[in-house]
Amino acid sequence: ATVDIIDGDARISMERELLAGDLQRFDVLAVDAFSSDSIPAHLLTHEALVLYMKHLTADGVLALHISNRHLDLRPVVAGLAQQEGLLSRIVEADGNDRGCWGSTWVLVTANREFAARPVIVNAESDHETESGADIWTDDYSNIYQILN
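The model shown is predicted, which means the values in this text are computed figures rather than measured ones.

Draft legend 1. Looking closely at the pattern of salt bridges. Evaluated as defined, the whole model comprises 4 salt bridges. Residues Asp138 and Arg11 are paired through a salt bridge, measuring 2.7 Å at the closest nitrogen-oxygen approach. One end of the pair, Asp138, is in the segment after α5 (118-123); the other, Arg11, is in helix α1 (residues 10-19), and 127 residues separate them in sequence. Note that Arg89 is salt-bridged to Glu124, the shortest N-O span being 3.9 Å.

Draft legend 2. Local environment of the pairing of strand β4 (residues 103-109). Among the 7 residues of β4, 6 are classified as buried, and the element is accordingly described as predominantly covered. In terms of strand pairing, strand β2 (residues 56-65) meets β4 through 5 bridges, oriented antiparallel. Within the sheet, the bridge partner assigned to Leu64 lies in β4 and is Val106. For strand β3 (residues 87-93) and β4, the ladder comprises 7 bridges, and the chain directions are antiparallel. When the sheet's bridge partners are listed, Ile90 is paired in β4 with Val106.

Draft legend 3. Spotlight on helix α3 (residues 74-83). Of all 10 residues in α3, 8 are buried, a share of seventy percent or more. Of the positions making up α3, those classed as buried are Arg74, Pro75, Val76, Val77, Ala78, Gly79, Leu80 and Ala81. Gly85 occupies a position one or two residues after α3 and carries a positive phi of about 70°.

Draft legend 4. Structural context of the nonpolar core. Residues Phe34, Leu62, Leu64, Leu73 and Val108 are the most contacted members of the largest nonpolar core, which totals 29 residues. Every element with two or more residues in this core is listed here: β1 (26-31), α2 (46-55), β2, α3 and β4. Sequence-distant contacts of Leu62, defined by excluding residues within four places in its chain, comprise Leu29, Val31, Leu49, Tyr52, Met53, Leu56, Val106, Leu107 and Val108.

Draft legend 5. Expanded view of α2. Residues Ala48, Leu49, Leu51, Tyr52 and His55 constitute the buried set of α2. Seen end-on, α2 carries its buried residues on one side only, within an arc spanning 160°. Against the buried residues of α2 lie α1, β1, β2, α3 and β4.

Draft legend 6. Focus on a nonpolar patch on the surface. A cluster of nonpolar side chains, namely Ile143, Tyr144 and Leu147, defines an oily patch on the protein surface of about 350 Å² accessible area. Of the residues examined, Leu147 reaches a relative accessible area of 49% and is grouped as partly exposed.

Thresholds applied
- Residues numbered from 1 in each chain as written.
- Predicted model: local features only at pLDDT ≥ 70, side-chain atom pairs only at ≥ 80, totals over all residues.
- Heavy atoms only, no water.
- Salt bridge = Lys/Arg side-chain N within 4 Å of Asp/Glu carboxyl O.
- Helix = DSSP H or I, 4+ residues; strand = E, 2+ residues; numbered from the N terminus.
- Buried < 20%, exposed > 50% of the residue type's maximum accessible area, 1.4 Å probe, protein only.
- Pairing = 2+ DSSP bridges.
- Core = buried A, V, L, I, M, F, W, Y, C linked by side-chain atoms within 4.5 Å.
- Contact = heavy atoms within 4.5 Å.
- Arc of directions from axis to C-beta.
- Patch = residues over 30% accessible without salt bridge, like charges linked within 9 Å, V, L, I, M, F, W, Y side chains within 5 Å.
- Areas by Shrake-Rupley, 256 points an atom, 1.4 Å probe, with all protein chains shown as cover.

Structure below.
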């Protein structure tokens, strides 16, 4: 594979690429930036989701690692996906006694075949994926709604 490393804020870099007409056409785009107590909210806004989806192929999957001890980011992502007519699937992995921590991922896609695959359906957590939080935008986010 060819791997290009772009220094800087990923969202800003992706916006520059979009303006230059250089869409990436990713099959999978993984965003892993939310585990601290100071999350980069600008990566979970409506504008960010629209940008991510433009850089994905039509059947692509956005994988958001949303593990966080302080914030429940599931309703934020579910609301964004729902607003855009996308599917969201929450997949959780338990930790183990060998030092591996558990993790929570949300898979967002327009690809109904992917979302219906047995491996995805069987891995999906029992948690509701309905939105319970306001839609975040570049001008608005509400951390208090999602405190654990």
